[in-house]
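# Residue-level structure breakdown
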Amino acid sequence: MTPHTRVFVAGGNTLYGHALTTLLRAEGFESLVGVGTAEPDLTDAAATDAFFAQERPECVFLCAGRSGGIGLNRAAPVELMRDNLLTTLNVLASAHRHGTAKLLYLASSCAYPKHAAQPLQVESLGTGPMEPTSEAYSTAKFAGWKLCDAYRREYGCRFVTGFPANAFGPHDDFTPEGGHVIPALLRRAHDAKSRGDAELVVWGTGAPRREFVYSRDLARACLFVARNYEGEAPINLGGGTDLSIADVAHAVAEVVGFKGRLVFDTTKPDGAPLKALDSAPLLDMGWRPESDFRAALNETYHWFLHHRATEGRTHARRAV
Ligand code: GDP
């Protein structure tokens, strides 16, 4: 990849997409295509293909497709699955047809079996049932990986799949209903503090553990993989911080300055008990995360304060 490589971040409005576009600009990439409103509707095959025919991106980061937290996965499995299947089908077909030289598809750690050995190794993919609360979305992500693999085998396409850990950062979905745990809790802790509430309700038991990666680190990992990895096997994109949900809730309360009590609502689902990736293959290649969890949380909260804190809940349907 050179500064002149034509790069398309498919799903530029997502958490990953924003982080990648920012990083690519900072790294001097001058030929980003499909940025902002120039991105076509990727669920529309004809529009996607016309875009690829015109722009001919040489490198594609495929982060498109709606995603959300446990609440959105339970409320809108059809929309999540359809959106991810359609965008993946369309982008891969057009990338193949118009000669994209390298593509990195971002799958999801949700696609691992619920009870796979931890930390999760790519060899475990497909060896057991997935977590039921996010099965529709995860099945679409799993299918995306398999489709990349099929293009690679049948047509020799350099389509690589990455499985990211739970990411967070600016431009995330901060709605209580749709967001993942970090943005949703930041928003609810902020609102609770503003109202002077005595309690902040945290969903579930607080016991589940997740590996969290800052979106800026994830973007760096994606660029590193696009530059350095050609393998057939998918690659985990982690190396972040492994924390319980209770730890996260306490960190959020501190960063926001919420002084009340945390109450765990065990009528809400816990989801997978543990999700941490084995990122040894990535780390062995020399990549390292740079962000401190607490500092990243603080940065994310400040981004929220400047961009979203005064908004209502109209972002519930925003792709993240
Ligand atoms: P997951 O990693 O796919 O399970 O997705 P989430 O990020 O939505 O949830 C992670 C964990 O955080 C689950 O155990 C949730 O029950 C818990 N959690 C606690 N409070 C919240 C909240 O306000 N929103 C969300 N989405 N999850 C929460």
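All of these numbers come straight from a predicted model, not from anything done at the bench.

What follows concerns the packing of aromatic side chains. Summed over all chains, the structure comprises 14 aromatic pairs. Consider the rings of Tyr-151 and Tyr-155, whose centres lie 6.0 Å apart with planes at 35 degrees: the pair is tilted. Taken together, the residues Tyr-151 and Tyr-155, both in helix 5 (residues 135-155) and 4 residues apart, mark about one turn of the helix. Of the residues examined, Tyr-151 reaches a relative accessible area of 13% and is grouped as buried. Assessed through its relative accessible area of 46%, Tyr-155 is described here as partly exposed.

This part covers the UniProt feature "active site" (unreviewed entry) in the protein chain. Sites flagged by UniProt as "active site" (unreviewed entry) map to Tyr-137. Looking at the element boundaries, Tyr-137 is found in helix 5. Ignoring any residue separated from it by four or fewer positions in sequence, one finds Tyr-137 in contact with Arg-66, Ser-67, Asn-73, Leu-80, Asn-84, Ser-108 and Cys-110.

Taken together, 16 residues form the shell around the ligand, and within it Ile-70, Arg-188, Arg-210, Pro-269 and Asp-270 come nearest. His-180 has a polar side-chain atom sitting 3.3 Å from an oxygen atom of the ligand. At 2.9 Å from an oxygen atom of the ligand is found a main-chain nitrogen or oxygen belonging to Val-181. Summarising the interface, the protein chains cover 98% of the accessible area of the ligand, which totals 540 Å² for the free molecule. The cavity where the ligand resides is the largest cavity. Of all the elements in the fold, those that place two or more residues in the shell around the ligand are helix 6 (181-195) and strand 7 (199-203). With 3 residues, the single largest contributor to the shell around the ligand is helix 6. Split by residue class, the shell around the ligand holds 8 nonpolar, 4 polar and 4 charged.

Rules of the game
Residues numbered from 1 in each chain as written. Predicted model: local features only at pLDDT ≥ 70, side-chain atom pairs only at ≥ 80, totals over all residues. Heavy atoms only, no water. Phe/Tyr/Trp six-rings, centres within 6.5 Å; stacked < 30°, edge-to-face > 60°. Helix = DSSP H or I, 4+ residues; strand = E, 2+ residues; numbered from the N terminus. Buried < 20%, exposed > 50% of the residue type's maximum accessible area, 1.4 Å probe, protein only. UniProt positions renumbered as here; feature names shortened; annotations may be inferred. Contact = heavy atoms within 4.5 Å. Near = heavy atom within 4 Å. Polar contact = N/O pair within 3.5 Å; in protein donor to acceptor, adjacent residues only side chain to side chain. Areas by Shrake-Rupley, 256 points an atom, 1.4 Å probe, with all protein chains shown as cover. 1 Å grid on protein atoms, 1.4 Å probe; cavity = no way out; pocket = protein on both sides within 12 Å on 5 of 7 lines; lining within 4 Å. Sits in = over half its atoms within 2 Å of the grid points. Nonpolar A, V, L, I, M, F, W, Y, C, P; charged D, E, K, R; others polar.

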